[in-house]
Amino acid sequence: MILDQIQALPVPALQQRLLGEAQAILEEDLAANHALGAHGATLVPEGARILTHCNTGALATAGHGTALGVVRSARDAGKRISVIASETRPYLQGARLTAWELIRERIPVTLITDNAAGHLMSRGKVDVVIVGADRIAANGDVANKIGTYPLAVLALRHRIPFYVAAPLSTIDLKTANGKAIPIEERSAAEVTGYAGVRWAPEGVEVANPAFDITPAKLVSVLFTERGVVKRPNAGKIRRLFKR
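Described below are features of the structure shown in this document. The structure displayed is predicted, hence computed values, not measured ones.

### Overview of the packing of aromatic side chains
In total, this model carries 1 aromatic pair according to the counting rule given. The positively charged end of Arg96 is found above the aromatic ring belonging to Tyr91, 5.0 Å away from the centroid. Lying over the aromatic face of Tyr91, Arg186 brings its terminal NZ or CZ to 5.2 Å of the ring centre.

### Comments concerning the pattern of salt bridges
By the definition in use, this model includes 10 salt bridges. Here Arg75 and Asp76 are joined by a salt bridge, their closest N and O atoms 2.6 Å apart. Since its relative accessible area comes to 27%, Arg75 is described here as partly exposed. Residue classification places Asp76 among the exposed positions, given a relative accessible area of 54%. The salt bridge involving Glu202 is made with Arg198; its shortest N-O contact spans 3.5 Å. Judged by relative accessible area, which is 37%, Arg198 ranks as partly exposed.

### Topic: the packing of helix H2 (residues 11-41) against helix H3 (residues 67-76)
One way to put it is that H2 packs onto H3 with a least axis distance of 7 Å and a crossing angle of 65°. The two elements H2 and H3 meet at a crossing, and its hand is right-handed. Contacts between H2 and H3 involve His34, Leu36, Gly37, Ala38, Gly40 and Ala41 from the first element and Gly69, Val70, Ser73 and Ala74 from the second. Its residues assigned to classes, the contact of H2 with H3 shows 5 nonpolar, 5 polar and no charged.

Rules used throughout
- Residues numbered from 1 in each chain as written.
- Predicted model: local features only at pLDDT ≥ 70, side-chain atom pairs only at ≥ 80, totals over all residues.
- Heavy atoms only, no water.
- Phe/Tyr/Trp six-rings, centres within 6.5 Å; stacked < 30°, edge-to-face > 60°.
- Lys NZ or Arg CZ within 6 Å of the ring centre and 35° of its normal.
- Salt bridge = Lys/Arg side-chain N within 4 Å of Asp/Glu carboxyl O.
- Buried < 20%, exposed > 50% of the residue type's maximum accessible area, 1.4 Å probe, protein only.
- Axes fitted to C-alpha atoms, helices over the stretch in contact; angles between N-to-C directions.
- Helix = DSSP H or I, 4+ residues; strand = E, 2+ residues; numbered from the N terminus.
- Left-handed = near helix turned anticlockwise from the far one by under 90°.
- Contact = heavy atoms within 4.5 Å.
- Nonpolar A, V, L, I, M, F, W, Y, C, P; charged D, E, K, R; others polar.

Put into structure tokens, the structure is as follows:
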């Protein structure tokens, strides 16, 4: 019935309706990200060296960001922080986007290769890891950019907090766990070369998954607009939607 009413609107009225809905979505996303950023900032220590993966800032959201929203909120709270951004192979979102955003924000940032993270952790040069999420299952398992799972394992090994920042809209209560989340396989060309230059031999097989799954038990804290969830699990995730 509502759809029939919308379809019956004159074009100018329909355009205005769509514009209003888009604006509402924008404002809702900004509010959620500012809220989760504020919650997350409370657990970022003064002088923290924050390792992040992929892009989770204004370019990936409506403007404030999720993991980078926590970084921005910590900075805005007066905390002296710096960021270590992994390049995020093979598409280089960390090198191309995250580093660019942080430089514009005048937040100190160091770019590293993905496989340098463990070395820096072992040398005591990382205080906290903060990542976003593409989807979170009902039990708290996290699907995020490929390379996130090894960071969580390394963080556990080196006793470094591993934080995930995501709005409630990222949580899929119909997906029981991470095993039920489909993983996109991207083009082999992203791995074998770039811009017409091939560095891998012809005939080699390529595996190029775009995401991986981090088990909930490796997540120290989940930040959402409704607060901080320590050691997330199915029960704690469900309670977020009952408030």
